[in-house]
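# Secondary and tertiary structure notes
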Amino acid sequence: LLLLPDGQGAYVQIGGTNDHPGPPLFNNQNTNHYGTQGLINVIPLLAGDYNAWNPLNPPIGPLLAFNDMSLPNGGLFDISGRWRPSHNEHRVGLNVDLRVNTLGVAPPLPGQNNLRRTWVWGRINELFGNEPEEEDYGNRNWHWHLTVDQ
């Protein structure tokens, strides 16, 4: 598996903990942002497209924040520090969580449209080849679980 490069202002990496050192707590040690070449390639594409897309002025908001990919050698990705199975799909470098609770992408009220949600969801579908899974909706940990084929 390969380490996701620093976003260089295009996206941010989040989710570092004492159990899985990584940004933003441990910028010099990153063990939780590893993925296959396919995943490593598509994340900067999504972030670049998101940053370039601007239906309104001023720019649309915060950078995309990526969390919990895989460990350097894959395997059990323990998010609780107890080394019990959880985060099962994050074992082989095909998955990444995209934090959305700061992006303004809540489902719209009936009869309304959330242009940002529609665009981001659609672009993920195009780049990843599938729709994201929405997890922990409305909570502090609200995120979209993204998966690539290879």
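What you are looking at is a predicted structure, and each value in this text was computed from that prediction instead of being measured. Along each chain, the written sequence defines residue order, and numbers are assigned to residues from 1. Reporting of local features is limited, given that this is a predicted model, to residues whose pLDDT is at least 70; pairs of side-chain atoms are given and counted only at 80 or more, and all residues count toward the totals for whole chains, interfaces and linings. Based on all heavy atoms of the structure, the side-chain values leave hydrogens and waters out of the count.

## Some thoughts on the packing of helix H1 (residues 37-52) against helix H2 (residues 115-128)
At a minimum axis distance of 10 Å, the contact between H1 and H2 shows a crossing angle of 150°. Regarding the angle of H1 to H2, the classification is roughly antiparallel. By crossing handedness, the relation of H1 to H2 is classed as right-handed. For the pair H1 and H2, contact is made by Leu39, Val42, Leu45, Leu46, Asp49 and Tyr50 and by Arg116, Trp119, Val120, Arg123, Ile124, Leu127 and Phe128, respectively. Think of it as three bins: nonpolar holds Ala, Val, Leu, Ile, Met, Phe, Trp, Tyr, Cys and Pro, charged holds Asp, Glu, Lys and Arg, and polar takes everything else, Gly as well. When grouped by side-chain class, the residues that make up the contact of H1 with H2 number 10 nonpolar, no polar and three charged. In this analysis, axes come from line fits to C-alpha atoms, helices being fitted only over the stretch in contact, and the angle between any two N-to-C directions falls in the range 0 to 180 degrees. Put simply, DSSP H or I for four residues or longer makes a helix, DSSP E for two residues or longer makes a strand, and each gets a number counted from the N terminus. If an angle is under 35 degrees, it is roughly parallel; if it is over 145, roughly antiparallel; if it lies from 65 to 115, roughly perpendicular; otherwise it is oblique. Less than a right angle of anticlockwise turn of the near helix away from the far helix marks a crossing as left-handed, whereas a clockwise turn marks it as right-handed. We call two residues in contact when some of their heavy atoms are within 4.5 Å.

## Observations regarding the nonpolar core
By nonpolar core we mean a set of buried residues, namely Ala, Val, Leu, Ile, Met, Phe, Trp, Tyr and Cys, connected to one another through side-chain atoms within 4.5 Å. For each residue, the accessible area found with a 1.4 Å probe, counting protein chains only, is set against the maximum for its type, and the residue is called buried under 20%, exposed over 50%, and partly exposed in between. Within the largest apolar cluster, 26 residues are counted, with the highest numbers of intra-cluster contacts made by Phe66, Trp144 and Leu146. Elements represented by at least two residues in this core include exactly H1, strand E4 (64-67), strand E5 (95-99), H2 and strand E7 (143-147). At seven residues, the largest contribution of residues to this core is made by H1. Not counting residues within four places of it along the chain, the set of residues in contact with Phe66 comprises Tyr11, Val12, Gln13, Ile14, His33, Ile43, Leu46, Val96, Asp97, Leu98 and Leu146.

## Quick notes on the environment of Glu126
Note on placement: Glu126 falls in helix H2. Residues Glu126 and Leu46 lie 80 residues apart in sequence; the distance between their C-alpha atoms is 9.7 Å.

## Re the pairing of E4
Here E4 shows no split at all, with Leu64 and Phe66 on one side and Ala65 and Asn67 on the other all buried. Summarising the sheet, E4 and E5 pair through three bridges and their orientation is antiparallel. In the strand pairing of E5, Asn67 is matched with Asp97. Note on pairing: DSSP must find at least two bridges between two strands before they are called paired.

## Re the pairing of E7
Of all five residues in E7, four are buried, a share of seventy percent or more. Two elements, E5 and E7, share five bridges in a ladder whose sense is antiparallel. Residue pairing across strands places Arg99 opposite His143, the latter belonging to E7.

## Quick word on the packing of aromatic side chains
Any pair of Phe, Tyr and Trp rings, taking the six-membered ring for Trp, is counted once the centres come within 6.5 Å. Such a pair is stacked with planes under 30 degrees apart, edge-to-face with planes over 60 apart, and tilted for the rest. Enumeration over the complete set of coordinates arrives at four aromatic pairs. Relative to Phe66, the ring of Tyr11 lies with its centre 5.7 Å away and its plane at 80°, an arrangement referred to as edge-to-face. With Tyr11 in strand E2 (residues 11-14) and Phe66 in strand E4, this pair connects stretches of sequence that are 55 residues apart. Each member of the pair, Tyr11 together with Phe66, is buried. An angle of 85° between the planes, with centres 4.9 Å apart, marks the rings of Trp121 and Trp144 as edge-to-face. Of the two residues, Trp121 sits in helix H2 while Trp144 sits in strand E7, which places them 23 residues apart along the sequence.

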